[in-house]
Amino acid sequence: DPARRRVRELAVLSKQLQRVHPNVLAKVLKQGTVYQNEEIVVINKPYGLPVHGGPGIKNCITDVLPILAKMLENMKAEPLHLCHRLDKETTGVMVLARNKEVAERIRLLFKTRQVEKIYWAISLGDPDPAEGIVEIPIVEKEVRSHQSHYKMTLAPNYRLSPEDGKVVKIRKNRNAESAVTRYRLLASSSACSLLELQPITGVKHQIRVHLAYGLGCPILGDHKYSHWSKLAPQKLPEITLRRLKLEQSKARHLPLHLHAYRLSLPLGERIDLVCKPPLFFQKTLKKLELDIATN
């Protein structure tokens, strides 16, 4: 069954990326270059590749930046510098700077929210209303279950009073970070939606948490935020499984469908950077009949 084979291929992909020689990885990133000038290099980040190293991580983007710089320029090139980060499972537009000064300048643009970021996500269910802004602070909490773990979650400043159902302001959680996400429905079919998202703030896992817990529309393949109290594969609607030609028991292999689609960078003039979603994302759109004019 080709669908099952494809799912298995993606599951192995992350593991294989950890065994690839750094030179090969740099070459893959070079092929994924979407824009470069004398200040920046922009790559289309592949799925399953961490940006930073850590326990059990042999390959990450940071480690191959010196090799990538040499491949793009000449043997004497200075290593490239990270300007921002994307989660391991997120694909799409990633900006690298050719020197420290440019990197600092771009980091400041991100910090002061001058960079416009547009993401695409395939979610389960439709958001209601179809367009709007989620503005709920986010905090990291420990989930106490038979398998204790940490998750980001909502820390709202308001709640409904049980007596009369009125909105009551509550004390702000000291550790919560304010988080704002704009969203817009682009297409919906097969119990799923294609959403355009614009994170105004940059809190860890912000889009995933706002969609799953704020709108009740977790991202397809987001097994971490589809439940609160347990770590379990996402439960998919019957029609979604049918269209994806997938059995529920294999749902855990579904990759996270979150893609950094566009980045608008005010460097002197505004640079608009666009990355097409990866092949697996495009195929899912087709199978779920989420038709959109990809401009």
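Residues numbered from 1 in each chain as written. Predicted model: local features only at pLDDT ≥ 70, side-chain atom pairs only at ≥ 80, totals over all residues. Heavy atoms only, no water.

Colleague: Sorry if this is basic, but what is going on with helix H7 (residues 279–287) here?
Modeller: It helps to recall that an α-helix has 3.6 residues per turn; residues three or four apart then point in one direction. All of the buried residues in H7 are Phe280, Phe281, Thr284 and Leu285. Along the axis of H7, the buried residues cluster in a sector spanning 140 degrees; they form a single face. Exposed side chains of H7 directed beyond 90 degrees from the buried face belong to Leu279 and Lys286. In the segment just after H7, Glu289 is the residue with positive phi, at about 55 degrees. (Buried < 20%, exposed > 50% of the residue type's maximum accessible area, 1.4 Å probe, protein only. Helix = DSSP H or I, 4+ residues; strand = E, 2+ residues; numbered from the N terminus. Arc of directions from axis to C-beta.)

Colleague: I tried to follow the pattern of salt bridges on my own but got confused; where do I start?
Modeller: Where charged atoms from two side chains of opposite charge approach closely, those side chains can pair. The final tally for this structure, using the stated rule, is 11 salt bridges. A salt bridge links Glu196 to Arg184; the nearest nitrogen and oxygen atoms lie 3.2 Å apart. Taken together, the residues span a long stretch of sequence, with Glu196 in strand S12 (residues 192–199) and Arg184 in strand S11 (residues 180–189) at a distance of 12 residues. Since its relative accessible area comes to 33%, Arg184 is described here as partly exposed. In this structure, Arg208 and Asp222 form a salt bridge, with 2.9 Å as the shortest nitrogen-oxygen distance. Residue Arg208 is located in helix H5 (residues 206–214), and its partner Asp222 is located in the loop between H5 and helix H6 (238–244); the two are separated by 14 residues in the primary sequence. Owing to a relative accessible area of 7%, Arg208 belongs among the buried residues under this scheme. The class for Asp222 is buried, based on a relative accessible area of 1%. Residues joined by salt bridges that share partners form a network here, namely Asp87, Arg208 and Asp222. (Salt bridge = Lys/Arg side-chain N within 4 Å of Asp/Glu carboxyl O.)

Colleague: I tried to follow the domain arrangement of the protein on my own but got confused; where do I start?
Modeller: Interface extent is often summarised as the accessible area lost during association of the parts. Taken domain by domain, the protein holds domain 1 (1–112) and domain 2 (116–264). Between domain 1 and domain 2, the contact holds 18 residues from the first and 18 residues from the second. Both sides of the domain 1 and domain 2 interface together cover about 1400 Å² of buried area, and 64% of this is carbon and sulfur. Taken as a group, Arg4, Val7 and Val93 account for 31% of the area that domain 1 buries against domain 2, more than any other trio of residues on that side. Where domain 1 packs against domain 2, one counts 1 salt bridge. Note that Arg208 and Asp87 form a salt bridge whose closest N and O atoms lie 3.5 Å from each other. Our count for the domain 1 to domain 2 interface comes out at 5 residue pairs in polar contact (both at pLDDT 80 or more). When contributions to the side of domain 1 that touches domain 2 are tallied by element, the ones reaching two or more residues are helix H1 (2–17) and strand S4 (91–97). Ranked by the residues each element gives to the side of domain 1 that touches domain 2, the list is headed by H1, at 5 residues. (Domains from an automatic or database assignment. Contact = heavy atoms within 4.5 Å. Buried area = accessible area lost by both parts, 1.4 Å probe. Polar contact = N/O pair within 3.5 Å; in protein donor to acceptor, adjacent residues only side chain to side chain.)

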